[in-house]
Amino acid sequence: MKHHITLLPHGGLCNRITAICSALQLARLTDSALRIVWEKDSGLNCRFDRLFLPIDKPNVEVVEATRLDLMRWARPRKTNLWLTKIPQAIEFDAVSDEHVTLQRERAKFDFVKWIEPYKKVYISACNHFCKAEDYDFSQLQISPDIEAKVRDRFAPMAGHKAVIGMHIRRTDHTIAIAGSPTEGFIEKIDNQLKVEPDTMFYLATDSEEEKANLKNKYGERIFCSAQEADRNSEEGIVEAMVELYTLASCDDVWRSVNSSFSHVAMVLAKSPLTPQGGTFN
């Protein structure tokens, strides 16, 4: 191996999925070993091995971070007094922390060229930072029990002529609220029912109000989870995985703008990034 990459993915479920798949791609393109440090925190309170199978690739390891690991590899921030900068400066030849990685990603920075002079590098990321045109989320295989839950969730919809997945992101996501209004989803539902009356809609949302309103309007045409969205428990994160892969099982996915959850679901489902594929812009 020419290089050794340590990745600390952070953020929510789909932020981490995109970061990990990006690091896997960077490792492949640069002939690098890869260590993925998985941290349980308030953004995602669940172990990696509860959600996914081991990554079956040579020279790739996933570390379920202990407190000692986090003293070395956690993101430098106010909560740890930025003290992890010290061991990282000692252990690595180059560091791209979360803020630098995000800036570089937006600037289309070439991480393949960046890594070339270095033996050991550290990257913290919450997005797809390397070769974003080449998404391949199939590199992460979901655990068998979650796969079984997805099959059970989708089964009541399977006999219909069309099944459309919808992700309506609300709560604190102001861009999705403004850019993907409920009225837009309603218009699309009405148009779809004119084209194919035998359509079921799977609704994934973090808003109980959206669930209630759409079910009141369309009745049994809307199918959704009975559980409320919850990122602070293992059960809640497992439910998010079931939601994500149920969306990906649909014939098409309609998304909320600027939502990583929506985008990953669409890529997994291979929905086109067009108005017909569910984007409002």
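Along each chain, the written sequence defines residue order, and numbers are assigned to residues from 1. With the structure being a predicted model, the display of local features is reserved for residues of pLDDT at least 70 and the display and counting of side-chain atom pairs for 80 or more, all residues being used for whole-chain, interface and lining totals. Computation of side-chain values covers all heavy atoms of the structure but excludes hydrogens and water.

1. Notes on the environment of Val163
Secondary structure elements are taken from DSSP: a helix is a run of H or I of four residues or more, a strand is a run of E of two residues or more, and numbering for both begins at the N terminus. With respect to the helices and strands, the residue Val163 is situated in strand S6 (residues 162-168). Remark: the alpha-carbon pair of Val163 and Tyr202, spanning 39 residues in sequence, is separated by 7.2 Å.

2. A few points about the side chain of Lys211
Tracing the chain through its elements places Lys211 in helix H10 (residues 208-218). A distance of 3.2 Å separates polar atoms of two side chains, one belonging to Lys211 and the other to Glu208. Setting aside chain neighbours within four positions, we find Lys211 in contact with Leu203, Thr205, Cys224, Ser225 and Gln227. Polar contact is the term for a pair of N or O atoms within 3.5 Å; when the atoms are in protein, one must be able to donate a hydrogen and the other to accept it, and sequence-neighboring residues count only if both atoms are side-chain atoms. By definition in these notes, contact holds between two residues if any of their heavy atoms fall within 4.5 Å.

3. Some remarks on unusual backbone geometry
The backbone of Trp82 sits at a positive phi, close to 60°, despite the residue not being glycine. Secondary-structure assignment places Trp82 in the loop between helix H3 (67-73) and helix H4 (85-91). Note on Trp82: relative accessible area 44%, which makes it partly exposed. If you check the backbone angles, Asn258 has positive phi at about 60° while not being a glycine. You can see Asn258 is positioned in the loop between strand S9 (252-254) and helix H12 (260-269). Partly exposed residues are those whose accessible area sits between 20% and 50% of the maximum for their type, while under 20% is buried and over 50% is exposed, using a 1.4 Å probe and protein chains only.

4. A word on the sheet that holds S9
Any two strands between which DSSP finds at least two bridges are classified as paired. Here 4 strands make up an open sheet; going across it, the order is S8-S7-S6-S9 and the pairing parallel. In the strand order of this sheet, the two ends are held by strand S8 (222-224) and S9, each with one partner. Each strand axis lies, on average, 30° off the axis of its neighbour in the sheet, ignoring direction. Relative to S8, strand S7 (residues 199-205) runs parallel, the two being bridged by 3 bridges. Across the sheet, Tyr202 pairs through a bridge with Phe223, a residue of S8. The axes are straight lines fitted to the C-alpha atoms, using for helices just the contacting stretch, and the angles between their N-to-C directions are given from 0 to 180°.

5. Some details on the sheet that holds strand S3 (residues 60-64)
Overall, parallel pairing links the 5 strands, which are arranged S3-S2-S1-S5-S4 in an open sheet. Looking along the sheet, the strands with just one partner apiece sit at the ends: S3 and strand S4 (94-96). Neighbour to neighbour, the strand axes of the sheet diverge by 15° on average, direction disregarded. Sheet analysis places S4 next to strand S5 (residues 120-125), joined by 3 bridges and oriented parallel. Directly across from Ala94, in S5, lies its bridge partner Val121. Where helix H1 (residues 13-30) meets the sheet, it contacts strand S1 (3-9), strand S2 (32-38), S3 and S5, and its direction lies at approximately 175° from that of S1.

6. What about the packing of aromatic side chains?
Centre distance within 6.5 Å is the pairing criterion for rings of Phe, Tyr and Trp, where only the six-membered ring of Trp is used; planes under 30 degrees apart are then read as stacked, over 60 as edge-to-face, and the remainder as tilted. In the structure shown here, the tally under the stated rule is 9 aromatic pairs. With 5.1 Å between their ring centres and 35° between their planes, Phe48 and Phe52 make a pair best called tilted. Taking the centre distance of 5.0 Å and the plane angle of 80° together, the rings of Phe109 and Phe111 count as edge-to-face. These aromatic residues form a ring-pair network of at least three members: Phe109, Phe111, Trp114, Tyr118 and Phe129. A cation over an aromatic ring shows up here: Arg16 above the ring of Trp38, its NZ or CZ 4.7 Å from the ring centre. We call a charge positioned above a ring when the Lys NZ or Arg CZ atom is no farther than 6 Å from the ring centre and deviates by at most 35 degrees from the ring normal.

7. Points about H1
Each α-helix turn comprises 3.6 residues. Residues three or four places apart therefore point the same way. By this rule the span expected of a helix is its residue count minus one, scaled by 1.5 Å. Over its 18 residues, H1 extends 26 Å from the first C-alpha to the last, a length consistent with the 26 Å expected when each residue adds 1.5 Å. Counting buried positions over the 18 residues of H1 gives 15, a clear majority of the element.

8. A few points about the packing of H1 against H12
It is the contact of H1 with H12, at a shortest axis distance of 8 Å, that shows an interaxial angle of 55°. Looking at the two axes, H1 sits oblique to H12. For the crossing formed where H1 meets H12, the hand is left-handed. In this structure, H1 contributes Cys14, Asn15 and Thr18 to the contact, and H12 contributes Ser260, Phe261 and Val264. As a working rule, the residues Ala, Val, Leu, Ile, Met, Phe, Trp, Tyr, Cys and Pro are called nonpolar, Asp, Glu, Lys and Arg charged, and the rest polar, with Gly in that last group. Partitioned by chemical class, the residues of the contact of H1 with H12 number 3 nonpolar, 3 polar and no charged. The cut-offs work like this: below 35 degrees is roughly parallel, past 145 is roughly antiparallel, 65 to 115 is roughly perpendicular, and the gaps in between are oblique. Handedness of a crossing follows from how the near helix is turned relative to the far one, being left-handed for an anticlockwise turn of less than a right angle and right-handed for a clockwise one.

9. As for the pattern of salt bridges
Each salt bridge in this description consists of a side-chain nitrogen of Lys or Arg and a carboxyl oxygen of Asp or Glu lying within 4 Å of one another. A full pass over the atoms with the stated rule returns 15 salt bridges. Residues Glu39 and Arg77 are paired through a salt bridge, measuring 3.3 Å at the closest nitrogen-oxygen approach. You can see Glu39 sitting in the loop between S2 and helix H2 (48-51) and its partner Arg77 sitting in the loop between H3 and H4, a full 38 residues away along the chain. In this structure Glu39 comes out as buried when scored by relative accessible area, which is 7%. Judged by its relative accessible area of 24%, Arg77 falls in the partly exposed class. The shortest N-O distance in the salt bridge between Glu98 and Arg75 comes to 3.0 Å. With a gap of 23 residues between them, Glu98 in helix H5 (residues 98-106) and Arg75 in the loop between H3 and H4 connect regions that are remote in the sequence.

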